[in-house]
Amino acid sequence: MKKLSVLILTFFSFGLSGRLLAQSAEVAVGGDVAKPFKITAATFAEMKRVSVKVKSKDGKEHEYSGISVFEILTKAEAVPNNQLRGKSLTKYLLVSAADGYQIVLALPEIDPAFTDQTVILANKEDGKDLAANYGPFRLIVPGDKKPARSAMRVTSMDVLTAKKP
Ligand SMILES: Nc1nc2c(c(=O)[nH]1)N[C@H]1C(S)=C(S)[C@@H](COP(=O)(O)O)O[C@H]1N2
Ligand SMILES: [Mo]
């Protein structure tokens, strides 16, 4: 009986840690976009690499590299003719993570026509793959003073349209 419960416990804890550590290898780009697609490791090899420097909560500066979120939205055809104006100015990006964490960015916070910051989806920190609890993909919002919107373990990015209640 004791052996059996140890066995069950072992199975349970392995299953649980396996789940907690499981890395999501894809980011689904969707919502109100003309061309939804999935970002995988291959996407990182295809698209132009960009890097940004930001301070983490502990005050240390880190270099993150990956792909530009503006380029991701361009690829998904999130905005007609890639011109952010008119009705498109009510669109926003909802980023969701494996732990249920979610953040929102208004599209002008991502568009180089509006801002000098380059929001990226990073797969490397200081040249190394992100640790399992941070990655494999992390949003980096370099213009924010706090890293709270730099969502780790990103699983989806949806372009949605804000509506007056
Ligand atoms: N998926 C996910 N991402 C997250 C969080 C979280 O709880 N879940 N916390 C945020 C907050 S509040 C902070 S301050 C930073 C911490 O990142 P750092 O450890 O690199 O400083 O991660 C952000 N990204
Ligand atoms: Mo935080």
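Throughout, a residue's number is its position along its own chain's written sequence, starting from 1. Lettering of chains starts at A and numbering of ligands starts at 1, both following the order in which they are written. Only residues with pLDDT of at least 70 are given local features in this predicted model, and only at 80 or more are side-chain atom pairs given and counted; all residues enter the totals for whole chains, interfaces and linings. Excluded from the side-chain calculations are hydrogens and water; all other atoms, namely the structure's heavy atoms, are used.

**Some words on the packing of aromatic side chains**
Only rings of Phe, Tyr and Trp enter the pairing, Trp through its six-membered ring, and a pair is recorded when the two centres are within 6.5 Å. The plane angle decides the type: under 30 degrees is stacked, over 60 is edge-to-face, the rest tilted. All chains considered together, the criterion is met by one aromatic pair. Remark: a charge is flagged as sitting over a ring if the NZ atom of Lys or the CZ atom of Arg is within 6 Å of the ring centre and within 35 degrees of the ring normal. If you follow Lys-75 out to its NZ or CZ, it ends over the ring of Phe-37, 5.0 Å from the centre.

**Observations regarding the pattern of salt bridges**
By salt bridge we mean one thing: a side-chain nitrogen of Lys or Arg within 4 Å of a carboxyl oxygen of Asp or Glu. In the structure shown here, the tally under the stated rule is four salt bridges. A salt bridge links Glu-109 to Arg-149; its shortest N-O distance comes to 2.7 Å. Of the two residues, Glu-109 sits in the loop between β6 (102–106) and β7 (120–125) while Arg-149 sits in the loop between β9 (138–140) and β10 (154–161), which places them 40 residues apart along the sequence. By sharing partners, the salt bridges in this structure join Glu-109, Asp-144 and Arg-149 into a single network. Numbering of helices and strands starts at the N terminus; helices are DSSP runs of H or I of at least 4 residues and strands are runs of E of at least 2.

**Topic: the site of ligand 1**
In this text, near means that some heavy atom of the residue lies within 4 Å of the molecule or strand in question. Taken together, Ser-56, Lys-57, Ala-97, Asp-99, Tyr-101, Tyr-134, Arg-138, Pro-147, Ala-148, Ser-150, Ala-151 and Met-152 are the residues near ligand 1. In protein, a polar contact means a hydrogen-donor-capable atom and an acceptor-capable atom, both N or O and within 3.5 Å, with residues adjacent in sequence counting only if both atoms are side-chain atoms; elsewhere, any N or O pair within 3.5 Å suffices. Within the contact set of ligand 1, a nitrogen atom lies 2.8 Å away from a side-chain nitrogen or oxygen of Asp-99. For ligand 1, an oxygen atom lies 2.7 Å from a polar atom in the side chain of Tyr-134. Where accessible areas are quoted, they stem from the Shrake-Rupley method and a 1.4 Å probe; at the residue level, only the protein chains shown are allowed to cover. About the coverage of ligand 1: the protein hides 77% of its 530 Å² of free accessible area. More than half of the atoms of ligand 1 fall within 2 Å of the grid points belonging to the largest pocket. A class-by-class count of the residues in the shell around ligand 1 yields seven nonpolar, two polar and three charged. Buriedness for pockets is judged along seven lines, at least five of which must meet protein on both sides within 12 Å for an open set on the 1 Å grid over protein atoms alone, while cavities are sets there where a 1.4 Å probe fits but cannot get out, and lining residues have an atom within 4 Å of a point. Any molecule with more than half of its atoms within 2 Å of a cavity's or pocket's grid points is counted as sitting in it. For this classification, Asp, Glu, Lys and Arg are treated as charged, while Ala, Val, Leu, Ile, Met, Phe, Trp, Tyr, Cys and Pro are nonpolar and the rest, including Gly, are polar.

**Things to note about the environment of Val-50**
The topology assignment puts Val-50 in strand β3 (residues 50–55). Only protein chains enter the area calculation, which uses a 1.4 Å probe; residues under 20% of their type maximum are buried, those over 50% are exposed, and those in between are partly exposed. Exposure remark for Val-50: the relative accessible area of 17% places this residue in the buried category. Contacts: residue pairs with any heavy atoms within 4.5 Å of one another. Ignoring anything within four residues of it in the chain, the contact list for Val-50 reads Tyr-64, Ser-65, Gly-66, Ile-67, Ser-68 and Ile-120.

**Notes on the sheet that holds strand β5 (residues 91–97)**
Any two strands with at least two DSSP bridges between them are considered paired. Reading across the sheet, the five strands line up as β2-β1-β10-β5-β6 and stay open at both edges, with mixed pairing between neighbours. The two strands at the open ends of the sheet, each matched to only one other strand, are β2 (37–39) and β6. Pairwise comparison of adjacent strand axes, ignoring direction, gives a mean angle of 20° for this sheet. The pairing of strand β1 (residues 27–31) with β2 spans three bridges and is antiparallel. Throughout, an axis means a line fitted to C-alpha atoms (over the contacting stretch in the case of helices), and angles, computed between N-to-C directions, take values from 0 to 180 degrees.

**Side note on the environment of Ala-151**
Inspection of the secondary structure puts Ala-151 in the loop between β9 and β10. For Ala-151, a relative accessible area of 0% puts it in the buried group. Along the backbone, Ala-151 and Leu-121 are 30 residues apart, and their C-alpha atoms lie at a distance of 9.4 Å. Those residues in contact with Ala-151 that sit more than four places away from it in its chain are Val-95, Tyr-101, Ile-103, Phe-137, Arg-138 and Leu-139.

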